[in-house]
Amino acid sequence: MTNEVQKNSTPQTKTKLWLDVLIFVAFLVTMDPHSSGIAIHEWLSLAMIATLTIHLLLSWDWIVEISKRFLGKVGGQNRINYIVNWLLFIDGTMIMISGTMISEVVLPVMGIQFPADFAWRRLHDMSANIGLLLLGIHTALHWSWIVIAFNKYLIRPVVRWIPARQKEDASI
Amino acid sequence: MKTIGRILLILAIFSVLSGLMVAAVNANGQQSIASSDFDGAPSQFRTEGDGDEDGDGIRPGGGEVRGERGGRGGAGGSRWIFGLLKNVGVMALVVTVIALPRSLGKKKRIQVAVNSVKGEV
C-alpha cells in the first residue's frame, strides 16, 4: 500500500486522497453528535455508506489480491492491514445497524420506527469507540501513503504556486 | 457492469453481517428476558421523574433525552470542542504510537544500507 501513489494512476490517487479526507472529516463530525445535532449525525452517517463503498471500490484490486494470497505468501504489513480493514468493515456495519435501530430522525422521516432497545444504544456507543481506535490504526498503517500523497497533491503545488504568484505580481 | 457487481457484493456482505448482528442481539435479548425474574419492567428503565445520573439518556417511555445524544439539550459551547479534540487526540495518539516507531525504523534501515554501500566504496 505504501507505493500506491506511484503504482496507481494520478487521477485515481487524487480522488482517493480527497475522498479519504472527506471521510475523515465526516467521521469526526458524526462521532460528535453534540456539535452537529442528531439530524446531521444521522443523515451524514447514511451518506457515508456511499463514500465508504467508493473507498472500497478504489482499493478493489488490493482487496482481491490480498484475499487470494492471504493464506499463502503475504507480507506482514499487508496481512495486518487486511485484518484491520475487515475489523473496520465489521465495526462499521455494527455502527450503521445499531444507529439505524435507534434512529430518531432518518427512519421516522421514512415512516419507520423501531421500539427503543437499550442493547442497540450500548452497542452503538461501544462500536463507535472501537471504530475510533480502528480508524486510528488504519490511518497509522497508511501514514507513509498519506504523507506522500499530501506532499504530491497539496503541499508541493502550493509551494510552487506561491513563487509563481509573486513573480506575476512583480512583473505587474 | 463490473463496478455494479462489486457494489452488490459489498452490500451483500454488509447485509449478511447486519442480519447476523440483528439475530445475535435479538437472541441475546430473548435470553436475558427469559433468564431474569421479570416483574413487569426492565431494571434499566426508571420511574417517571427520576434523574439521569448515569447519563444513559433512557426514559421510562422508551424515549431518550435528546441532549444526551443530539446536543439539543443545551450542551455547553466548550463541550463539543472537547469532544472533537478528544476524538482527534485519540487518533493522533494511535497514529503516533504506530507510525513513529515504523518511520524511525525505516530511517535506521536506510542509514544502515547507505553506510554499508559507503563502506564498500
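Provided above is the structure to which this section pertains.
Residues numbered from 1 in each chain as written. Chains lettered and ligands numbered in written order. Predicted model: local features only at pLDDT ≥ 70, side-chain atom pairs only at ≥ 80, totals over all residues. Heavy atoms only, no water.

Caption draft 1: Just the pattern of salt bridges, in detail. All names here are of chain A. Under the definition given, this model contains two salt bridges over all chains. The closest approach of N and O atoms between Arg69 and Glu65, which form a salt bridge, is 2.9 Å. With a gap of four residues between them, Arg69 and Glu65 both fall in helix H5 (residues 60–69), about one helical turn apart. Arg69 gets classed as partly exposed once you look at its relative accessible area, which sits at 34%. Judged by relative accessible area, which is 41%, Glu65 ranks as partly exposed. (Salt bridge = Lys/Arg side-chain N within 4 Å of Asp/Glu carboxyl O. Helix = DSSP H or I, 4+ residues; strand = E, 2+ residues; numbered from the N terminus. Buried < 20%, exposed > 50% of the residue type's maximum accessible area, 1.4 Å probe, protein only.)

Caption draft 2: Quick peek at the nonpolar core. In terms of nonpolar packing, the biggest core is built from 15 residues, with Phe89, Trp120 and Leu123 of chain A together with Ile10 of chain B touching the most fellow members. Counting only elements with at least two residues in this core, the list comes to helix H6 (76–101) and helix H8 (118–141) of chain A together with helix H1 (2–35) of chain B. Not counting the four nearest positions on each side in its chain, Phe89 of chain A is found in contact with Leu56 of chain A together with Ile10, Ile13, Phe14 and Leu17 of chain B. Listed in part, the 11 residues of the second largest apolar core include Ala26, Met48, Leu58 and Ala128 of chain A. (Core = buried A, V, L, I, M, F, W, Y, C linked by side-chain atoms within 4.5 Å. Contact = heavy atoms within 4.5 Å.)

Caption draft 3: Main features of H5 of chain A. Residues and elements named next belong to chain A. Along H5, the residues that are buried comprise Trp60, Trp62 and Ile66. Along the axis of H5, the buried positions cluster into a sector of 160°, meaning they face one direction only. The exposed residues of H5 that point more than 90 degrees off its buried face are Asp61 and Lys68. (Arc of directions from axis to C-beta.)

Caption draft 4: Quick peek at the packing of aromatic side chains. Residue and element names in this part refer to chain A. Tallied over the entire structure, the rule returns three aromatic pairs over all chains. Ring geometry for Phe70 against Tyr82: centres 5.0 Å apart, planes inclined by 35°, an arrangement best described as tilted. Linking Phe70 in the loop between H5 and H6 with Tyr82 in helix H6, this pair joins segments that are 12 residues apart in sequence. Owing to a relative accessible area of 21%, Phe70 belongs among the partly exposed residues under this scheme. Classification of Tyr82 as buried rests on a relative accessible area of 11%. Both rings, one in Trp86 and one in Phe89, keep their centres 5.9 Å apart while their planes meet at 80°; by these two values the pair is edge-to-face. Taken together, the residues Trp86 and Phe89, both in helix H6 and three residues apart, mark about one turn of the helix. (Phe/Tyr/Trp six-rings, centres within 6.5 Å; stacked < 30°, edge-to-face > 60°.)

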